[in-house]
Amino acid sequence: MSLKPLSTLTPVLMVMFFVGCDQAPTKGVDRIFLNGGVYLADTEHSWAEAVGIDNGEIVFVGGSADAQSLIGSNTEVTDLAGKMLMPGFHDGHAHVSYGGRMGLGCFITSRSSLEETRQQLNDCATANNYAPDEWVTGGGWELYAFGDQGPTSGMLDEVFPGNPVVLYDAFGHNAWVSSRALELAGITSKTPDPPQGVIVRDPETGEPTGTLRDAAMSMVDHAIEQVSDGKRYEGLLRGLEEVNRYGITAFIEPGASERKARLYKTAEENGALTTRVILSLSPIDELPDSVGPELFDLLAKRDQFRGSYINPDSVKIYIDGVIETQTSTMIEAYSDGTNAAPFYEQGQLNLLYEQLDHMGLQIHTHAIGDGAIRIALDAYEHALFENGPNENGHQIVHLQLIDPADQPRFGELNVAANFQCLWCYPDPYIYLAEDFVGKERVQQFYPVKSLQDAGALLVGGSDWDVTSLNPLEAIETAVRRQDPYIDSGPVLGENEEVDLVTALDMYTRNAAKVMRLETKTGTIAVGKRADLVVLDRNLFSIPATEISEAQVLLTLMDGKEVYRAGGVD
Ligand SMILES: [Zn+2]
């Protein structure tokens, strides 16, 4: 890390404001932050003390003394008293609409035991007083809280007697459903598994037990359809509030159907969109499955969703499922000798990527197994060969296991590596995966530093509400590769830690680049929009174990305050 001395930062725009201003007191700029640790997140990793904002634009970056002359009668002055100011966080993968909606339904907090799960469901039933036959939706439960077969309908039938219930697991790859939900969906012992999906069944009777995996989740999709647009909109607003609370000012919404895209547009029209958003469009929304030609019908409409804060030039494509349900595509089979087929044939995917790339779209690819990642890279390579280079911001997200031979290809093909760094420590999912792929492969999971060394552009994302939205938790984990909630513990992956500067780049400048926002946001510089966050401490002067404890005090998007915790005058 190189810290550029303050004296090298010239207050270039100062002069502008005072030429020809005889009358005092001058109006001054809209807002000034003074006496801070201002981290610019530029390529030199420079620092300053003060930032001036006018009409939502950054007009001054430099020392506090020089900034004084920008203060006028209308200027709001904030003395940071040494606190850290940096660009707003950019989250490369966050299901904000869904996450917000889950907060309105029945939500099970992470790491809940079976008894805690039952208690939370009971509380939710009491709080919501569901009408008979009203759909109950929600999620957050975790695979490892239940046996290999997943949860069964029993508990839901007891807590919500007669109600159709669908609760998605934190991964979004399993649905836990009540007997009434199975009945309404017409799922019986005779119903065949859909392609790419599993109806978990009692091995003796063949009766569905209450867990639906991957594409089988779509069989209860009409449950989600039942959620009114009003409720969805309320959920989106809740999600946006959470986003701002964690200092996030831009994110990619992966898997946006027309219905979801319209919600965002409505929010912008109502002046309620308090972040920038890249809508990664998909006609099947967040469902892990392949997409058909209807994708192009949705894409043809995308200008209807475009806005000053909404960019809909992105597409979400799933290549595989997840390792923990053995639905990811591996180069080498799972320990039990099985493997999962990818959602597309290679030739079909090549053609699809060529078309999407040619349309100027960003392809946001979900790929987890090393086999799926290779297929995706092959498709990007095909598109590059056919169409030539561009800056569409292509990326692969999740990247659990990457064959070393494929690692240099990210840089070569200009495909960003979008990691969820909060997963980069030995959490219970890692131990669960160990059963399926063995210790050696598990230690190779999420090779963030190897990808950096291989020349990839690294991007960070939360995958909320799969895991916490707080970028500081993911940043700490990227730096330590240990449980961020405790001070020491086993490490995942030898030498895969990255330094703090790299981890912050993943959430600022690099993410802004793949979001095609780099001329507007991602660093603090004169001429950029004022998307900023104030933290209660300087991340560079605390031990790494403390990073996730830092608090966001203030979030600004486009110069407007969208979150304030207090502690800032
Ligand atoms: Zn996701």
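Everything in this summary refers to the structure shown in the same document. Nothing here was measured: the structure is a model prediction, and the numbers come from that model. (Residues numbered from 1 in each chain as written. Predicted model: local features only at pLDDT ≥ 70, side-chain atom pairs only at ≥ 80, totals over all residues. Heavy atoms only, no water.)

### Observations concerning the sheet that holds strand 5 (residues 57-62)
Taken in spatial order, the four strands line up as 5-4-1-6 in an open sheet, and their pairing is mixed. Of all strands in the sheet, those with a lone pairing partner are strand 5 and strand 6 (76-79), marking the two edges. Taken pair by pair, the neighbouring strands of this sheet meet at an average axis angle of 15°, ignoring direction. Of the pairings in the sheet, the one linking strand 1 (residues 31-34) to strand 4 (residues 50-54) comprises three bridges and is antiparallel in character. Paired with Arg31 across the bridge in strand 4 is Ile53. (Pairing = 2+ DSSP bridges. Helix = DSSP H or I, 4+ residues; strand = E, 2+ residues; numbered from the N terminus. Axes fitted to C-alpha atoms, helices over the stretch in contact; angles between N-to-C directions.)

### What to know about the state of the cysteines
This model, assessed by the stated rule, comprises one disulfide. A disulfide bridge connects Cys106 with Cys124, and the sulfur atoms are separated by 1.9 Å. In this structure, the disulfide formed by Cys106 and Cys124 twists by about -85° around the S-S bond and is classed as left-handed. In this pair, Cys106 sits in strand 9 (residues 106-107) while Cys124 sits in helix 4 (residues 114-128), placing the two residues 18 residues apart along the sequence. Across the pair, Cys124 and Cys106 agree in class, each one buried. In this structure Cys421 is not part of a disulfide, and its nearest cysteine sulfur, from Cys424, lies 4.4 Å away. Since its relative accessible area comes to 0%, Cys424 is described here as buried. (Disulfide = S-S within 2.5 Å. Buried < 20%, exposed > 50% of the residue type's maximum accessible area, 1.4 Å probe, protein only.)

### Some points on the coordination of the zinc ion
For the zinc ion, the full set of protein donor atoms is His93 (NE2), His95 (NE2) and Asp463 (OD), at a range of 2.1 Å. Every donor residue of the zinc ion comes from the same chain, spaced as H-x1-H-x367-D. Here the two residues His93 and His95 agree in accessibility, since each one is buried. (Donors = N, O, S within 2.8 Å, 3.2 Å for Na, K, Ca; no water.)

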